[in-house]
Amino acid sequence: MTAGVPSDGDGVDEDDDEACAAALASLAMSPARLRRMLAGRSAYQAWRQAVSGCHAEDSDGRVAEAARLISPAEMIARCRRRGLHVAVLGHPSYPPSLSDDEEAPAVLFVDGAPAVLDHWPRVAMVGTRSASIIGREVASEMAGALATAGVVVVSGLAPGIDSAALGGAVEAAQAPCVAVLGTAHGGLASAEQQRLAHCIAGRGCVVSELPPGTPGARWRFAVRNRVMAALAQIVVVVECHDQGGALHTVRAARRRHVPVAAVPGSVRASASAGTNQLLADGAACVRHGDDVLALLERVADWHRAPARPGATAQHVPDGLLDPLCAKVLGALDHQAVGVDALVLRSGESLAQVALALERLAAGGLARSEAGFWLRTPHRAERVDGG
Amino acid sequence: MLATIWSATLHGVDGRRVEVEVQVSGGLPSFTVVGLPDTAVRESRDRVRAAVLSSHLPWPTKRITVNLAPSGLRKSGSGLDLPVAIGVLVAAEALAEVHVADTGFVGELGLDGSLRPVAGVVPMVGALGTDRVVVPLACVAEARLVSPRVHGASCLEEAVAALQGRRRWPEAPCPVVTPTQGVPDLADLHGQPLGRRALEVAAAGAHHLLLVGPPGSGKTMLATRLPGLLPPLERHEALEVTRIHSAAGVPVPGGALADRPPFRAPHHGATEVSLVGGGSAWLRPGELSLAHCGVLFLDELAEFPAPVLDALRQPLEEGVVRVRRARGGVDLPARVLLVGAMNPCPCGKGTLLGACRCTDAVRARYQRRLSGPLLDRFDLAVALSPPDSADLLGGAPGEPTAVVAARVRAARQAATGRGVRANAELRADWLRHGCPLSAPVAAMLERHLRSGGLSARGLHRVWRVARTIADLDDPARPITELHMAEALALRAARQSLLPAV
């Protein structure tokens, strides 16, 4: 490294690239600008130039002004305290899966094992925050099936589809998964997300472009979508409203020629308007994990490991179903159904239907969600298929 | 000379007997009222003087002092105009004392001497206890409910003439009994098996009911049909309801004596005082008391301010609103059947099919407006969905109100046999001994208790509801699995409203 700028003794050494990169990343700059700031020079040089106000990218001196308030040493200490790994673009430790991307983050803060970012194959699962119950369930099951097959599930940890997918992946298998945050580490909105993030960091990794303690911004969520698209071999949109935010990821994926798949939904459901539009525009149609795996085999020349037996839920012999339960189960479909509709469909009294539902729930065949009823997925397939 | 006239004033929904003493003595002409009068009473001086002069009666140009005893009790309202006027006439010897012996007076005077109706005649006349009562003509029907000898007069001159025996008391107009219209019938409701059943169980066991559903799912239609299912009021209940309505100056449901359970549906802009009662000068009953023995329907429950809703908690438990103010307090009866209705999310579209764009956070914030303790008071909570179009157009009409009401009546009788008005009042120890659970039913509950879907308090609530459902079948039989499954289904929507753990 050539020392172009003299050190002024603020505790930063020339070889402290990570600290300088972390400090630069904490300034409210767009990822593109941050890349330009760091391009062609070491992070230390970039930092020195930024502080002294002579950086070519900082014509109005605003970066210098903000940079003088920040100590790289403290910034890196903060990362270390949280056990974060700081990956700087161009360094050998930067994940190769991202380093070739045109819009790769200049600095990446990784909680967990960074090596997971290079596991292969990776599937990004994205969708709306205001998802339907079915959408969440599909996301969770699909992610579970993918994780069981050894695929790394990449998602955003937003409420709704993202959390459902990651939750499903975490629950289903010990397989690693990746969460890409739009906020800094520790800046998650709810305790539930924190818990999930912690869980994911334990078996995969959680990445963010911001050092801990940096305030978030709305635009960051749209910007981080490119990271998911860059990481993935396939982007699956589970549910998305017309003009929904998940379409950012779709556009980012299309720019990178990453295939986009969508889960079909009811043409009346607002939460499926975006995904149905994607399908109409030619996106691949995926209904469950197997469809995604088949697509992976096609686009990424990847072949799954043979399925482990006994991974599905416990089997209740169909003979145990009394006629009433069988009738009510027949009236239940994979949509959430109100008890009203079940009474009308089965022609039984409310009490009979309620009792049948209690028995089905006790047997693990059906479950209720906010007063509506659904079939439990694995079982339902067994009953249909015999 | 001194005259003493009996009258009454209103305190909450109770009447209080007031002695109006009038002294006319020598000295500079003046007219003073003492004995904690409020503004309306103090203003009565001007009305009384004008009314007496307009009625061609003599006004003493002397010193007049009016004392309202007991002097520690605050007097409010304009009902004391007539007794003060009569007192002045007696004290001025324009009217003989014998003509007003053992007679109570209540009524407001106009400047032309006309007698105007006042609110609260029923409780006030009830408190008078005199042999006969004189009230404005328009109040005669109400007053007759509580006193056998009631005379009405349309103006002061007429009242004085009749008291002196110079003419007959005018005939009171027949009370206008509103024809039994307006109670909508359940037969109008197509489909909605869950909502119908919830309504029936709510009526049979006096269980508070929460309806959750998007607009157009029939929440209001259901709620307005609930009073029709409730048994008609008994005589003492009817009197109490009439008394409260009279005190609040609100027309009594169904004519002179309330025979049907009242139905009150305040708008969600209601303040705490308008809902539970109170006020500063005159402690008046709120919507909760006006719905006593009937139905209080709070549409758009989540739009009510949280403090207003939380003020309902204690009255719902005790059946009485205890209003306390620095100047005194009243207990207002408030035994209501609460029906709440709300949308599942702020945009109202939200069904579980992803039809709306409300995010989890928005939904959670909307539903959190209902506090846990208030939610606890709803034994029944059902999620309604808009009826099927086929049902609306071609579906067979449901059971009419009369059929369901008959079942409700039978179930209420079973409850009376247990020493309570309705099953919602059954005590936990009675449930344990009087209606033990069979092993399969207990197993069913155990699954819910273990999964966290049912709390210890919820257990007793669902137990009572199951008892009500069993009563609708046959009061003598124990609770079966069918009954319990139905009881659990009728509270399933509650789960989605509870804050996430």
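Here the residue index of a chain counts from 1 through its sequence in written order. Ligands are numbered from 1 and chains lettered from A, in the order in which they are written. Local features in this predicted model are restricted to residues of pLDDT 70 or higher, and side-chain atom pairs are both shown and tallied only at a pLDDT of 80 or more, whereas totals for entire chains, interfaces and linings draw on every residue.

*Asks:* How do you make sense of the overall build of chain B when you look at a structure like this?
*Replies:* Helical segments are the DSSP runs of H or I of at least four residues, strand segments are the runs of E of at least two, and each set is numbered from the N terminus. Counting its secondary structure elements, chain B contains 22 helices and 16 strands. Principal-axis analysis of the C-alpha atoms gives chain B an extent of 85 × 50 × 45 Å. Put simply, chain B has 501 residues, and 51% of those count as buried. Considering only contacts in chain B between residues 6 or more positions apart, those separated by 24 or more positions represent 73%. To sort residues by burial, count the other C-beta atoms lying within 10 Å of each one's C-beta; a count of 20 or more means buried, 12 or fewer means exposed, and anything in between means partly exposed. C-beta atoms are built from the backbone. Two residues form a contact once the distance between their C-beta atoms, set from the backbone, is within 7 Å.

*Asks:* I would appreciate a short explanation of the domain arrangement of chain B in the present structure.
*Replies:* Residues and elements named next belong to chain B. Domain start and stop positions are those given by an automatic or database domain assignment. Considered domain by domain, chain B is made up of domain 1 (2-163) and domain 2 (186-412). Computed from C-alpha atoms alone, the centre-to-centre distance between domain 1 and domain 2 is 40 Å. Taken together, the contact pairs 15 residues of domain 1 with 18 residues of domain 2. For the side of domain 1 that touches domain 2, the secondary-structure elements that each account for two or more residues are strand 1 (2-11), helix 3 (121-128) and helix 4 (140-144). Here the side of domain 1 that touches domain 2 takes three residues from helix 3, the largest share from any one element. When residues are grouped by polarity, Ala, Val, Leu, Ile, Met, Phe, Trp, Tyr, Cys and Pro land in nonpolar, Asp, Glu, Lys and Arg in charged, and all others, Gly among them, in polar. Per-class residue counts for the side of domain 1 that touches domain 2 are eight nonpolar, four polar and three charged.

*Asks:* What exactly am I supposed to notice about the sheet that holds strand 12 (residues 372-375) of chain A here?
*Replies:* The strands making up a sheet are joined through hydrogen bonds of the backbone, oriented either antiparallel or parallel. Residues and elements named next belong to chain A. Any two strands with at least two DSSP bridges between them are considered paired. In spatial order, the strands read 10-12-11; together these three strands make up an open sheet with antiparallel pairing. Since the sheet does not close on itself, it has two edges, and those belong to strand 10 (337-338) and strand 11 (366-369), each with one partner. Note: strand 10 against strand 12, two bridges, orientation antiparallel. Counterpart to G338 in the pairing with strand 12 is F372.

*Asks:* Hey, could you run me through the nonpolar core in this one?
*Replies:* Grouped burial of nonpolar side chains is what soluble globular proteins tend to show. All names here are of chain A. In this usage, the nonpolar core is the set of buried Ala, Val, Leu, Ile, Met, Phe, Trp, Tyr and Cys residues whose C-beta atoms join them within 7 Å. L24, V153 and V235 are the most contacted members of the largest nonpolar core, which totals 293 residues. Per-element accounting of this core gives the leading share, nine residues, to helix 16 (residues 350-362). With residues near it in sequence (within four places) discarded, V153 still touches V123, M125, A143, L146, A147, A165, L166, A169 and C177.

*Asks:* Teacher, can you tell me more about the interface of chain A and chain B here?
*Replies:* A common measure of how large an interface is: the accessible area buried when the components associate. On the side of chain B, 31 residues touch chain A, which itself brings 33 residues to the contact. Among the secondary structure elements, those contributing two or more residues to the side of chain A that touches chain B are helix 7 (133-148), helix 15 (339-346), helix 16 and strand 11 of chain A. No other element matches the six residues that helix 16 of chain A contributes to the side of chain A that touches chain B. Of the residues in the side of chain A that touches chain B, the class split is 16 nonpolar, twelve polar and five charged.

*Asks:* When you look at the pairing of strand 16 (residues 380-383) of chain B in this model, what are you seeing that I'm missing?
*Replies:* The side chains of a regular strand alternate between the sheet's two faces. All names here are of chain B. By the alternation rule, side chains of strand 16 split into L380 and V382 and A381 and A383, which are all buried. Bridge count between strand 10 (residues 209-212) and strand 16: four bridges; the pairing is parallel. Bridge pairing in strand 16 links L210 to A381.

*Asks:* Whenever I open this one, the confidence of the model for chain B confuses me. Can you help?
*Replies:* All names here are of chain B. Predictor confidence is given residue by residue as pLDDT, running from a minimum of 0 to a maximum of 100. Mean pLDDT over chain B stands at 86; residues scoring 70 or higher make up 93%. Taken element by element, chain B is modelled with least confidence in helix 16 (residues 389-394), mean pLDDT 64, and with most confidence in strand 5 (residues 103-105), mean pLDDT 95. Across the predicted assembly, pTM comes out at 0.75 and ipTM at 0.77.

*Asks:* Is there a simple way to think about the sheet that holds strand 2 (residues 107-112) of chain A in this case?
*Replies:* All names here are of chain A. As summarised here, the arrangement of the nine strands in space is 1-2-6-5-4-3-7-8-9, forming an open sheet in which the pairing is mixed. A single partner strand is all that each edge strand has here, and the edge strands are strand 1 (85-88) and strand 9 (284-285). Relative to strand 6 (residues 205-208), strand 5 (residues 177-180) runs parallel, the two being bridged by three bridges. Within strand 6, the residue paired with V180 across the bridge is V207. To get an axis, fit a line to the C-alpha atoms, keeping to the stretch in contact for a helix; angles then go from 0 to 180 degrees between the N-to-C directions. Together, strand 3 (122-126), strand 4 (152-155) and strand 5 form the strand contacts of helix 7, whose direction differs from that of strand 3 by roughly 175°. Sitting on the sheet, helix 8 (residues 161-172) is in contact with strand 3, strand 4 and strand 5, with an inclination near 160° to strand 4.

*Asks:* Help me understand the confidence of the model for chain A in this model?
*Replies:* Regions with low pLDDT should not have their predicted coordinates read in detail. Residue and element names in this part refer to chain A. The predicted model of chain A has a mean per-residue pLDDT of 84, with 89% of residues at 70 or higher. Scored below 50 in pLDDT, residues 1-7 shows nine contacts in the model against residues more than four places distant or in partner chains. Low pLDDT (under 50) marks residues 307-315, which in the prediction has seven contacts with non-local residues, meaning those over four places away or in another chain.

*Asks:* Explain the domain arrangement of chain A here, please?
*Replies:* The domain architecture assigned to chain A consists of domain 1 (1-77), domain 2 (114-300) and domain 3 (318-385). Distance between the C-alpha centres of domain 2 of chain A and domain 3 of chain A: 31 Å.

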